[in-house]
Amino acid sequence: MWCQRLAWLLRGQRGSTGRRWPWLPRGLGPVPAAPARCHPTAPAAPRCAWQLHQDHLELRYGSTLMRLDFVWLRDHCRSASCYNAKTNQRSLDTASVDLAIRPQAVRVDETTLFLTWPDGHVTRYGLEWLVRNSYEGQKQQVMHPRILWNAEIYRQAQVPSVDCRSFLETDEGLKEFLQNFLLYGIAFVENVTPTKEDTEVLAERISIIRETIYGRMWYFTSDFSRGDTAYTKLALDRHTDTTYFQEPCGIQVFHCLKHEGTGGRTLLVDGFHAAEQVLRQAPEHFELLTKVPLKHEYVESVGGCHNHMIGVGPVLNVYPWNNELYLIRYNNYDRAVINTVPHDVVRRWYHAHRALTAELRRPDNELWVKLKPGKALFVDNWRVLHGREAFTGYRQLCGCYLTRDDVLNTARLLGLQA
């Protein structure tokens, strides 16, 4: 992005006036039409300069060069007649804005942009607000700060578990838990009474429980009561859950209530860390995994359970403006027939999928955890893959899915970036 901007500046695009941008050194060539104006600021404030174009305002504040469409500037006005500050909702009817609108006057001081529109209405924007909310500003930011990890990185971080009482009764305990969860995609709560009811209270502390075809709260044993390999004693390879939902469940809660036997350790892998390695080593593979839509399917007819679920989406999902990864949909058990892309793409997709799988299966990326009664695990199902080793004896887990929006809502209300 910055290379593109530098190239743009070095090209010295020419306008009818041939005037230079005020912040450009001599020798970089002429610039687009319209008079450029530089306005002095306080010594410690970022430098600011702007220039009007036919359909947008070009504004540099500090190191950020923004191109702000006039319709966008009118639509996002925060004046009392355009925006309800009490409800944080737009009052302006966007469809009523003239798509050819252009300000009659523009003024910028040390902190604020002022625009006067043809009807006399004045719009004011804080320059810092524009940096945060412009396309160029958003492209420089991440939506969700994270720490990508392999097993060694996570162990060295010594991320603490949060005590159940602190989690349930104090904002400090809840905030510490959520901070850990947002950064690493997993978090633990200790000293939980090993019952389904107490696990439910735990889950409801941060979110509304998402009821699915598996119910609200579920017991999980090897009785094959559902048409799923998870309801056996077999090992499970790393995967994310509910890939066959149009929107996979956001958070999964596990609590081992009892295990009389051997084995059964839980496997955790940071899918975003693995994807980052693919991006560095073979960006064409990463891009293909973000583009090719796949079907995942769940079909069961066991006892009274009859379901046929289909979810569609790429393996990797990114925000288009900054290429930030926000969801991985990886489950080789439930991936359906690939019939959504032509044959010349399929082979390339298999190469890309193999590259990601190799990273996900690297032993140093595997974090193995023995779940025991009293220790609840929360997993970001959009990021962290889980699995298990085979086990013997009777093993009972309980858990649930949480609505992602409500977990992030709780975090934001506690002042965390989520």
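Above this text sits the structure in question.
Just so you know, these numbers come straight off a predicted model, no measurement behind them.

*Asks:* How do you make sense of the environment of threonine 112 when you look at a structure like this?
*Replies:* Along the chain, threonine 112 turns up in strand β8 (residues 112–116). Sequence separation of threonine 112 and tyrosine 125 is 13 residues, and the distance between their C-alpha atoms is 5.5 Å. In contact with threonine 112, not counting residues within four places along its chain, are Arg107, Arg124, Tyr125, Gly126 and Leu127. Among the polar contacts listed, one links the side chain of threonine 112 to the side chain of threonine 111, at a separation of 3.1 Å.

*Asks:* Help me understand the sheet that holds strand β14 (residues 236–239), please; the structure alone is not making it clear to me.
*Replies:* Sheets are built from strands that pair by backbone hydrogen bonding, the pairs being arranged parallel or antiparallel. Strand order in this open sheet of four strands is β14-β23-β16-β21, and the pairing throughout is antiparallel. The sheet is open, and its two borders are formed by β14 and β21 (367–369), each paired with just one other strand. Across the sheet, the mean angle from the axis of one strand to that of its neighbour is 20 degrees, orientation sign disregarded. Pairing analysis gives three bridges linking strand β16 (residues 266–270) to β21, with the strands arranged antiparallel. Across the sheet, the residue bridging to threonine 266 is valine 369, located in β21.

*Asks:* What exactly am I supposed to notice about the packing of aromatic side chains here?
*Replies:* For the structure on display, the rule yields 18 aromatic pairs. Measuring from centroid to centroid gives 5.5 Å for tyrosine 154 and tyrosine 184, while their planes differ by 90 degrees, and the two rings are edge-to-face. Here tyrosine 154, found in helix α5 (residues 151–157), pairs with tyrosine 184, found in helix α7 (residues 171–184); they are 30 residues apart in sequence, far enough to count as distant. This pair shows no difference in class: tyrosine 154 is buried, exactly as tyrosine 184 is. When the centroid spacing of 4.6 Å and the interplanar angle of 20 degrees are considered together, the rings of tyrosine 319 and tyrosine 326 count as stacked.

*Asks:* Looking at this model, I keep getting lost on the pairing of strand β23 (residues 384–388). Mind explaining?
*Replies:* The side chains of a regular strand alternate, residue by residue, between the two faces of the sheet. With five of five residues buried, β23 is to be regarded as a mostly interior element. Pairing geometry for β14 and β23, over two bridges, is antiparallel. Bridge pairing in β23 places histidine 239 opposite histidine 386. Across five bridges, β16 lies against β23 in antiparallel orientation. Bridged to valine 269 within β23 is leucine 385.

*Asks:* How should the pattern of salt bridges be read in this particular structure?
*Replies:* Side chains bearing opposite charge may pair, as long as their charged atoms lie close to each other. Across all of its chains, the model carries 17 salt bridges by this definition. The salt bridge involving arginine 90 is made with aspartate 75; its shortest N-O contact spans 3.2 Å. Of this pair, arginine 90 sits in strand β6 (residues 89–90) while aspartate 75 sits in helix α2 (residues 70–75); the two residues are 15 residues apart in sequence, bridging distant segments of the chain. Judged by its relative accessible area of 11%, aspartate 75 falls in the buried class. A salt bridge links aspartate 380 to arginine 404, with the nearest nitrogen and oxygen atoms 2.8 Å apart. Placement of the pair is aspartate 380 in strand β22 (residues 376–380) and arginine 404 in helix α12 (residues 404–413), with a sequence separation of 24 residues. For the pair shown, aspartate 380 and arginine 404 are each scored as buried. Among the ionic contacts, a cluster of salt bridges with common partners joins Asp237, Arg238, Arg361 and Glu366.

*Asks:* It is not clear to me how the nonpolar core should be interpreted in this structure. Could you clarify?
*Replies:* Across soluble globular proteins, you tend to see nonpolar side chains buried next to one another. Among the nonpolar cores identified, the biggest contains 28 residues, and Phe177, Leu178, Ile206, Phe378 and Leu402 are the most heavily contacted of them. Elements supplying a minimum of two residues to this core: α6 (164–169), α7, β11 (186–190), α8 (196–204), β15 (251–260), β22, β24 (394–402) and α12. Per element, the largest residue contribution to this core is five residues, and it comes from α7. Non-local contacts of leucine 178, meaning those with residues more than four positions away in its chain, are made with Ile206, Val407, Thr410, Ala411, Leu414 and Leu416.

*Asks:* Explanation requested: the sheet that holds strand β9 (residues 122–126) in the structure shown.
*Replies:* Taken together, the three strands give an open sheet; going across it, the order is β7-β8-β9, and neighbouring strands pair in antiparallel fashion. Two strands in the sheet have a free side with no partner beyond their single neighbour: β7 (105–108) and β9. Across the sheet, the axes of successive neighbouring strands diverge by a mean angle of 15 degrees, strand direction being ignored. Bridge count for β8 against β9 is five bridges, and the pairing is antiparallel. Residue pairing for β9: leucine 113 is matched across the bridge by tyrosine 125.

Basis of the calculations
- Residues numbered from 1 in each chain as written.
- Predicted model: local features only at pLDDT ≥ 70, side-chain atom pairs only at ≥ 80, totals over all residues.
- Heavy atoms only, no water.
- Helix = DSSP H or I, 4+ residues; strand = E, 2+ residues; numbered from the N terminus.
- Contact = heavy atoms within 4.5 Å.
- Polar contact = N/O pair within 3.5 Å; in protein donor to acceptor, adjacent residues only side chain to side chain.
- Pairing = 2+ DSSP bridges.
- Axes fitted to C-alpha atoms, helices over the stretch in contact; angles between N-to-C directions.
- Phe/Tyr/Trp six-rings, centres within 6.5 Å; stacked < 30°, edge-to-face > 60°.
- Buried < 20%, exposed > 50% of the residue type's maximum accessible area, 1.4 Å probe, protein only.
- Salt bridge = Lys/Arg side-chain N within 4 Å of Asp/Glu carboxyl O.
- Core = buried A, V, L, I, M, F, W, Y, C linked by side-chain atoms within 4.5 Å.

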